[in-house]
Amino acid sequence: MGGWWPDRLYLELLSLFLLCLAFLAIGRWCQYPAGPKVAAYSLLRTWQREREMRRTAGWPSLSGEHFTLRYQPGTDPRMAQLVLQTAESYYQPVKDYLGGAAPETIPLVVYRNRESLGAGFGWGAEESAMGVYWAGVIRILSPSDWIAARRPEEVAAVFRREGPIVHELAHLWVDYRAAGNYPRWLTEGLAQQVERAVTGYVFPPAAAEAEGKWFPLADLDRDFDNLGDQALAYRQSLLLLDYLCQEYGAAAPEALLEALGRGRTLNQAVRDVTGKTVAALEAGFRTWAAYAAVHREVAAARDEGSGRYRIGRQNPKEAVEDVITRPTGTL
Ligand SMILES: [Zn+2]
């Protein structure tokens with residue numbers, strides 16, 4: 001990059017910072033304390049998205065109705081085509097589930113291997129993510145990197161069933177609806193609910209959940225990626241959303257997103273939707289989860305007799321189609 005580039009970057013960041021400060025001063029006294037965060041985030045996301053588009057400007061591309069796709073040179077073009085087709089076919093189901101609007105054209109960037117996918121995030125090849133949503137862009141690992149099958153129809157079937165498209169698209173949707181103003185457990189829980197509804201995929205239960213060893217909600221929000229038990233972090237997020245829907249109705253998550261997108265804080269949004277504080281919601285979840293765990297044990301004991309129950313297999317189809325075990329890494 002030329003010498004002008006860093007200067008311009010700093011100027012843009014400085015303007016953003018000053019804008020945030022001005023908004024903060026106003027926001028303190030208004031009904032939407034997170035309003036400045038929401039406004040600044042939308043700007044920052046656009047800036048990050050454009051930066052990614054400039055970085056991949058020379059890459060081969062494909063266009064669909066709702067997505068534009070770029071793929072890293074060296075990626076099998078048939079894999080790029082499969083990613084685009086799969087994304088297009090899941091667009092409407094995700095939209096129907098989450099409601100509201102996403103950007104008119106969604107950028108997809110396909111990477112040929114894990115090293116390249118993780119490079120932009122400082123991850124090594126050991127990172128197990130197959131897809132990442134970040135700042136308006138969905139990045140996807142080429143299906144040929146993780147699917148062992150070779151016949152095209154088999155690869156397509158595995159990618160549709162176990163690939164990360166629906167999960168990442170749901171993250172993008174949540175990000176736009178709540179304008180960046182949401183806790184991590186909310187987006188991880190919603191993404192898993194959408195996956196379960198659209199593809200039937202469910203992350204396997206975590207061992208610790210049977211013992212009720214839940215993370216504090218604050219840790220789940222602040223430090224999600226560094227929590228030791230990632231399987232539990234993902235499962236707890238899903239169960240939190242299940243609890244929210246069961247206790248306050250299926251429209252509760254959408255109402256939360258809407259309130260957060262207007263700039264309400266999490267505490268305010270939770271109070272608007274449930275009439276409770278976040279702390280009371282968390283306590284309610286723990287009671288509900290303990291009750292649900294007892295019921296699962298009873299059901300397991302009953303099903304064991306008939307030989308139908310398989311430990312660690314939440315999704316029955318995984319028991320017979322164990323083509324690939326999807327990692328529960330960062331998604
Ligand atoms: Zn995720």
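Higher on the page you've got the structure.
The rules behind each value
Residues numbered from 1 in each chain as written. Predicted model: local features only at pLDDT ≥ 70, side-chain atom pairs only at ≥ 80, totals over all residues. Helix = DSSP H or I, 4+ residues; strand = E, 2+ residues; numbered from the N terminus. Buried ≥ 20, exposed ≤ 12 C-beta atoms within 10 Å, placed from the backbone. Contact = placed C-beta atoms within 7 Å. Pairing = 2+ DSSP bridges. Core = buried A, V, L, I, M, F, W, Y, C linked by C-beta atoms within 7 Å. Axes fitted to C-alpha atoms, helices over the stretch in contact; angles between N-to-C directions. Parallel < 35°, antiparallel > 145°, perpendicular 65-115°, else oblique. Left-handed = near helix turned anticlockwise from the far one by under 90°. Right-handed = clockwise from strand over helix to strand, strands pointing away. Arc of directions from axis to C-beta.

Novice: It is not clear to me how the overall build of the protein should be interpreted in this structure. Could you clarify?
Specialist: For the protein, the helix and strand inventory stands at 14 helices and five strands. Looking at the protein residue by residue over its 331 residues, the buried ones come to 31%. Long-range contacts, defined here as pairs at least 24 residues apart, represent 68% of the contacts in the protein between residues at least 6 apart.

Novice: Help me out: how do you make sense of the pairing of strand 5 (residues 137–141) in this one?
Specialist: Burial runs high along strand 5: five of the five residues are buried. A two-sided burial pattern is seen for strand 5, the buried positions comprising Val 137, Arg 139 and Leu 141 on one face and Ile 138 and Ile 140 on the other. When strand 3 (residues 106–111) meets strand 5, the two strands line up parallel, connected through four bridges. The partner of Leu 108 across the bridge, within strand 5, is Ile 138.

Novice: I keep staring at the nonpolar core and nothing clicks. Help me out?
Specialist: Nonpolar side chains in soluble globular proteins tend to end up buried together. If you look at the biggest cluster of nonpolar residues, it comprises 66 residues, and the most contacted ones within it are Val 83, Leu 108, Val 110, Leu 169 and Ala 170. Among all residues touching Leu 169, those that are not within four sequence positions of it are Ala 87, Tyr 90, Val 94 and Ile 138.

Novice: Help me understand the environment of Val 109 in this model?
Specialist: Here Val 109 is to be found in strand 3. Through-space distance from the C-alpha of Val 109 to that of Val 83 is 9.6 Å; in sequence the pair is 26 residues apart. Excluding anything up to four places from it in sequence, Val 109 contacts Glu 52, Thr 56, Arg 70, Val 137 and Arg 139.

Novice: Would you take a moment to explain the sheet that holds strand 1 (residues 61–63) for this structure?
Specialist: Backbone hydrogen bonds are what pair the strands of a sheet, in a parallel or an antiparallel way. With mixed pairing, the five strands of this open sheet are ordered in space as 1-2-3-5-4. The open sheet has two edge strands, strand 1 and strand 4 (131–134), and neither has a second partner. Between one strand axis and the next, the sheet turns by 20° as a mean value, whatever way the strands run. Two elements, strand 1 and strand 2 (residues 67–71), share three bridges in a ladder whose sense is antiparallel. Residue pairing for strand 2: Leu 62 is matched across the bridge by Leu 69. Along the sheet face, helix 3 (residues 77–98) touches strand 1, strand 2, strand 3 and strand 5 and points at about 160° away from the line of strand 2.

Novice: Explain the packing of helix 7 (residues 165–177) against helix 8 (residues 184–198) here, please?
Specialist: Think of two packed helices as two axes; the pair is described by the angle between the axes and how far apart they sit. Running from N to C, helix 7 and helix 8 point in directions that differ by 130°, and their axes come no closer than 8 Å. Comparing their axes, helix 8 and helix 7 come out oblique. Two packed elements cross with a definite hand, and for helix 7 against helix 8 that hand is right-handed. For the pair formed by helix 7 and helix 8, the contact residues are Val 166, His 167, Ala 170, His 171 and Val 174 on the first element and Thr 187, Leu 190, Ala 191, Val 194, Glu 195 and Val 198 on the second.

Novice: Please explain the pairing of strand 2 as it appears in this structure.
Specialist: If a strand is regular, its side chains alternate between the two faces of the sheet. The element strand 2 is extensively covered by neighbouring structure, given that four of its five residues are classed as buried. Hairpin remark: strand 1 followed by strand 2, antiparallel, with three residues in the connecting loop. In this sheet, strand 3 lies alongside strand 2 in parallel orientation, the contact comprising five bridges. If you follow Tyr 71 over to strand 3, its bridge partner there is Val 110. Each parallel crossover has a hand, and for strand 2 linked through helix 3 to strand 3 it is left-handed.

Novice: Sorry, what's going on with unusual backbone geometry here?
Specialist: With the exception of glycine, the majority of residues adopt a negative phi angle, and the majority of peptide bonds are in the trans configuration. Even without being a glycine, Ala 135 presents a positive backbone phi close to 50°. Mapped onto the secondary structure, Ala 135 falls in the loop between strand 4 and strand 5. In this model, Ala 179 sits at a positive phi of 50°, which is unusual for a non-glycine residue. Ala 179 gets classed as buried once you count the C-beta atoms within 10 Å, which come to 21.

Novice: Would you mind showing me how to read helix 12 (residues 266–274) here?
Specialist: The α-helix advances 3.6 residues per turn, and as a result positions three or four apart in sequence lie on the same side. All of the buried residues in helix 12 are Ala 269, Val 270 and Val 273. One side of helix 12 carries all its buried residues, which in axial view fall inside an arc of 100°.

Novice: What am I meant to see in the environment of Thr 86 here?
Specialist: One can find Thr 86 in helix 3. Classification of Thr 86 by C-beta neighbours within 10 Å gives partly exposed; the count is 19. A C-alpha to C-alpha distance of 6.4 Å links Thr 86 and Arg 160, two positions 74 residues apart in sequence.

Novice: What exactly am I supposed to notice about the environment of Pro 204 here?
Specialist: Its location among the elements puts Pro 204 in the loop between helix 8 and helix 9 (217–222). By C-beta crowding, Pro 204 is classed as partly exposed, having 17 other C-beta atoms within 10 Å. A sequence separation of 31 residues divides Pro 204 from Arg 235, and the C-alpha atoms of the two residues are 8.0 Å apart.

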